[in-house]
Amino acid sequence: ILLNFKWLWLLIKKIFNPETPKERQEAINQVSWPIWIVDFISNSLEWWILFLVVIWAIISINLWVFNLLPIPALDGWRFLFITINWLIKKTFWRKAISEKTEWLIHVWFFIFLIALSLLIAYNDISKIIFR
């Protein structure tokens with residue numbers, strides 16, 4: 001789990017504040033996930049049982065870590081939002097953000113996450129095709 005957070009921090013750092021332009025491109029090329037894993041598994045089925053167990057564990061941990069990030073439309077944001085609303089309601093006797101505003105935030109970030117998923121899938125497929 002700690003390695004996931006370190007890797008995520010390093011990836012964000014290399015994408016948004018690279019030391020060289022090549023470092024940014026290498027970081028962007030490292031962003032791949034579901035389609036690349038299926039391709040990787042299909043190309044290395046010699047130790048398939050052990051390999052599948054390890055891959056399932058890695059995928060589960062990565063999904064858990066990603067889902068806990070405080071990004072709208074994910075569980076981490078929902079937990080943060082509930083906590084902030086509870087604190088403000090206890091202090092000022094009113095909600096911080098209305099349900100409509102919360103809904104709009106979730107919808108827009110959900111659309112953003114779907115678009116990001118499609119972009120990563122395209123990146124994975126192009127890596128497989130132009131190998």
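Predicted model, so just to flag it, every value in this text is computed and none were measured. (Residues numbered from 1 in each chain as written. Predicted model: local features only at pLDDT ≥ 70, side-chain atom pairs only at ≥ 80, totals over all residues. Heavy atoms only, no water.)

Asker: Would you mind going over the confidence of the model for the protein chain with me for this structure?
Answerer: The predicted structure's coordinates, where accompanied by low pLDDT, should not be read in detail. Taken as a whole, the protein chain shows an average pLDDT of 80; of its residues, 87% reach a score of 70 or greater. The secondary structure element of the protein chain with the lowest average pLDDT is helix α3 (residues 34-43), at 69, and the one with the highest is helix α6 (residues 99-129), at 87. (pLDDT = per-residue confidence, 0-100. Helix = DSSP H or I, 4+ residues; strand = E, 2+ residues; numbered from the N terminus.)

Asker: Would you take a moment to explain the pattern of salt bridges for this structure?
Answerer: Opposite charge on two side chains permits them to pair, given that their charged atoms come into close proximity. Here the structure, examined in full by the defined rule, presents one salt bridge. Across the salt bridge formed by Glu102 and Arg78, the nearest N and O atoms sit 2.1 Å from each other. In this pair, Glu102 sits in helix α6 while Arg78 sits in helix α5 (residues 75-92), placing the two residues 24 residues apart along the sequence. A relative accessible area of 11% means that Glu102 is categorised as buried. (Salt bridge = Lys/Arg side-chain N within 4 Å of Asp/Glu carboxyl O. Buried < 20%, exposed > 50% of the residue type's maximum accessible area, 1.4 Å probe, protein only.)

Asker: What should I look at first to understand the packing of aromatic side chains in this one?
Answerer: Geometrically, a pair of aromatic rings is defined through the distance of the ring centres and the angle of the planes. Following the criterion strictly, the structure yields one aromatic pair and no others. Pairing Phe109 with Phe112 gives two aromatic rings, centres 6.3 Å apart and planes at 80 degrees, and the pair type is edge-to-face. Placement of both Phe109 and Phe112 in helix α6 is noted, with a separation of three residues, approximately one turn of the helix. (Phe/Tyr/Trp six-rings, centres within 6.5 Å; stacked < 30°, edge-to-face > 60°.)

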